[in-house]
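Here is what each chain is made of, one letter per residue.
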Amino acid sequence: MTSINYPAFIDFEASSLDLIASYPIEVGICMPDGELHSWLIQPHVLWLDWSDSAEKVHGISRETLEQEGTPVSEVAAALNELLSGQVFCDAWTFDSFWLHRLFKTANLRPKFQLESISMLLDSEQIRYWSEYRQGVIGRLGLPVHRAANDAMILHKTWEEIMGLGAPPSA
């Protein structure tokens, strides 16, 4: 019997979608065994960008981040402690930007490499990814646009599209 190596998944929520001024406000990871970790990220003093429309999507206020967020250096160190090798995301352009901003501000280098989930999939799986993802979201009933939930949705969608979980019609 062939064993399958489950990947780790990561997701970010951000201050906006501006790829010059935005910064990460929350990061969530789903480990290969399905264990979830997430952190609200305290904005660095130089991180000033804020989008009210983005706040309406993720539901996290800047005030919440300032009061309850974990300092950038602690978040980056925790990610390095938990992750190694390749870690997968579904919005590589944005996620790589926010990962870079987090680690550059923390003056650290990631001990893992961020890759697009498409690297795990063949062309047919890529074509059906959105359909499987919507099915997973419906079955889990979790709010989207929260980093840990979205990382878990990636994990569960990957399981299903690989034939390791419930079929899309379940």
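Refer to the structure presented above.
Residues numbered from 1 in each chain as written. Predicted model: local features only at pLDDT ≥ 70, side-chain atom pairs only at ≥ 80, totals over all residues. Heavy atoms only, no water.

(A) Summary view of the overall build of the protein chain. Helix and strand content of the protein chain: 6 helices and 5 strands. Sequence-ordered secondary structure for the protein chain, helices as α and strands as β, is β-β-β-α-α-α-β-α-β-α-α. A compact globule built from 170 residues would reach a C-alpha radius of gyration of about 15 Å, and the protein chain, at 16 Å, matches this within 12%. With respect to the principal axes defined by its C-alpha atoms, the protein chain has extents near 50 × 30 × 25 Å. Here the protein chain holds 170 residues, and the buried ones make up 46% of them. In the protein chain, 11 positive and 23 negative side-chain charges are present, and the distance between their average locations comes to 4 Å. (Helix = DSSP H or I, 4+ residues; strand = E, 2+ residues; numbered from the N terminus. Rg over C-alpha atoms; globule rule 2.2 N^0.38 Å. Buried < 20%, exposed > 50% of the residue type's maximum accessible area, 1.4 Å probe, protein only. Lys, Arg positive; Asp, Glu negative; His and termini not counted. Charge placed at Lys NZ, Arg CZ, Asp CG, Glu CD.)

(B) Representation of the pairing of strand 1 (residues 8-14) within the structure. Counting buried positions over the 7 residues of strand 1 gives 7, a clear majority of the element. Where burial is concerned, the two faces of strand 1 agree: the one with Ala 8, Ile 10, Phe 12 and Ala 14 and the one with Phe 9, Asp 11 and Glu 13 are both buried. Where strand 1 meets strand 4 (residues 85-89), 2 bridges bridge the pair, whose relative direction is parallel. Bridged to Ala 8 within strand 4 is Val 87. The sheet contact formed by strand 1 and strand 2 (residues 24-30) spans 6 bridges and is antiparallel. Opposite Glu 13, over in strand 2, you have Glu 26 as the bridge partner. (Pairing = 2+ DSSP bridges.)

(C) Quick look at the environment of Ala 76. Inspection of the secondary structure puts Ala 76 in helix 3 (residues 72-82). Along the chain, Ala 76 and Ile 41 lie 35 residues apart, while their C-alpha atoms are 9.9 Å from each other. Discounting chain neighbours no more than four positions away, the residues touching Ala 76 are Leu 102, Phe 103, Ala 106 and Leu 108. (Contact = heavy atoms within 4.5 Å.)

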